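Secondary and tertiary structure notes
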Amino acid sequence: MATVSNVNHQDNNPNTNNVAASAPPVSSAKQTVPTAKTVDTQSVLKRLQSELMALMMSGDAGISAFPEEDNIFCWKGTITGSKDTVFEGTEYKLSLVFPSDYPFKPPKVKFETGCFHPNVDVYGNICLDILQDKWSSAYDVRTILLSIQSLLGEPNTSSPLNTQAASLWVNQEEYRKMVEKLYKPTA
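Structural notes, computed from the coordinates. (Residues numbered from 1 in each chain as written. Predicted model: local features only at pLDDT ≥ 70, side-chain atom pairs only at ≥ 80, totals over all residues. Heavy atoms only, no water.)

Some remarks on the overall build of the protein chain
On a plain count of helices and strands, the protein chain comes out with five helices and four strands. When burial is assessed residue by residue, the protein chain has 30% of its 187 residues classed as buried. A separation of at least 24 residues holds for 52% of the contacts in the protein chain among residues at least 6 apart in sequence. Element-wise, carbon and sulfur atoms account for 53% of the exposed surface of the protein chain, whose accessible area totals about 11400 Å². (Helix = DSSP H or I, 4+ residues; strand = E, 2+ residues; numbered from the N terminus. Buried < 20%, exposed > 50% of the residue type's maximum accessible area, 1.4 Å probe, protein only. Contact = heavy atoms within 4.5 Å. Areas by Shrake-Rupley, 256 points an atom, 1.4 Å probe, with all protein chains shown as cover.)

See the structure below:
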């Protein structure tokens with residue numbers, strides 16, 4: 001709270017400071033704020049670059065993600081359905097958008113490819129606790145992708161976003177037919 005009042009004090013009273021007359025007080029205050037944001041941005045950039053390298057080196061089957069063009073804050077991911085699940089052989093595209101305060105806040109992750117799943121709605125939104133209230137800064141892109149891949153085969157049917165998929169889940173043979181009908185497996 002003291003920090004907030006100091007910032008307000010500088011913003012509301014630009015003429016009350018000990019800066020030499022040649023340095024305008026308003027520009028000094030403005031220079032301080034971007035520097036702090038730049039430092040935060042740099043630490044997020046380093047974290048995301050480190051996570052990209054770790055993901056590339058992990059060798060985990062069926063998951064991948066890369067920044068979109070030159071924007072390290074927007075990634076495109078791919079998840080392949082795990083073996084021995086109704087999603088085996090299907091490939092899903094995801095978008096991951098990282099906030100400026102990552103890893104203290106989770107990224108926004110959505111399915112770009114349609115996914116008939118109890119915990120995925122028609123817009124691609126995902127109901128997964130680690131992307132919401134159970135987020136931890138210890139999680140990374142690899143953890144997120146592996147968790148979503150795991151969720152494909154082990155949905156939480158007690159908290160569905162897609163009630164049709166949740167009710168059909170009990171009949172795995174019919175569910176598999178629906179998945180195959182809607183999303184032909186990749187070669």
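Continuing now.
Overview of the sheet that holds strand β4 (residues 108–111)
The sheet built from four strands is open, its strands ordered β1-β2-β3-β4 with antiparallel pairing. Either end of the sheet is taken by a strand with one partner, and the two such strands are β1 (63–68) and β4. Strand-to-strand twist across the sheet, computed as the mean angle between neighbouring axes with direction ignored, equals 25 degrees. As paired elements, strand β3 (residues 91–97) and β4 share four bridges and run antiparallel to each other. Among the inter-strand pairings, V97 is bridged to a residue of β4, identified as K108. Where helix α3 (residues 141–153) meets the sheet, it contacts β1, β2 (71–80), β3 and β4, and its direction lies at approximately 130 degrees from that of β1. (Pairing = 2+ DSSP bridges. Axes fitted to C-alpha atoms, helices over the stretch in contact; angles between N-to-C directions.)

Observations concerning the pattern of salt bridges
For the coordinates displayed, the defined rule picks out five salt bridges. In this structure, E51 and R47 form a salt bridge, with 2.5 Å as the shortest nitrogen-oxygen distance. Taken together, the residues E51 and R47, both in helix α2 (residues 25–58) and four residues apart, mark about one turn of the helix. A salt bridge links D60 to R142, with the shortest nitrogen-to-oxygen separation between them at 2.4 Å. Residue D60 is located in the loop between α2 and β1, and its partner R142 is located in helix α3; the two are separated by 82 residues in the primary sequence. Of the residues examined, R142 reaches a relative accessible area of 33% and is grouped as partly exposed. Connected through shared salt-bridge partners, E173, E174 and K177 make up one network. (Salt bridge = Lys/Arg side-chain N within 4 Å of Asp/Glu carboxyl O.)

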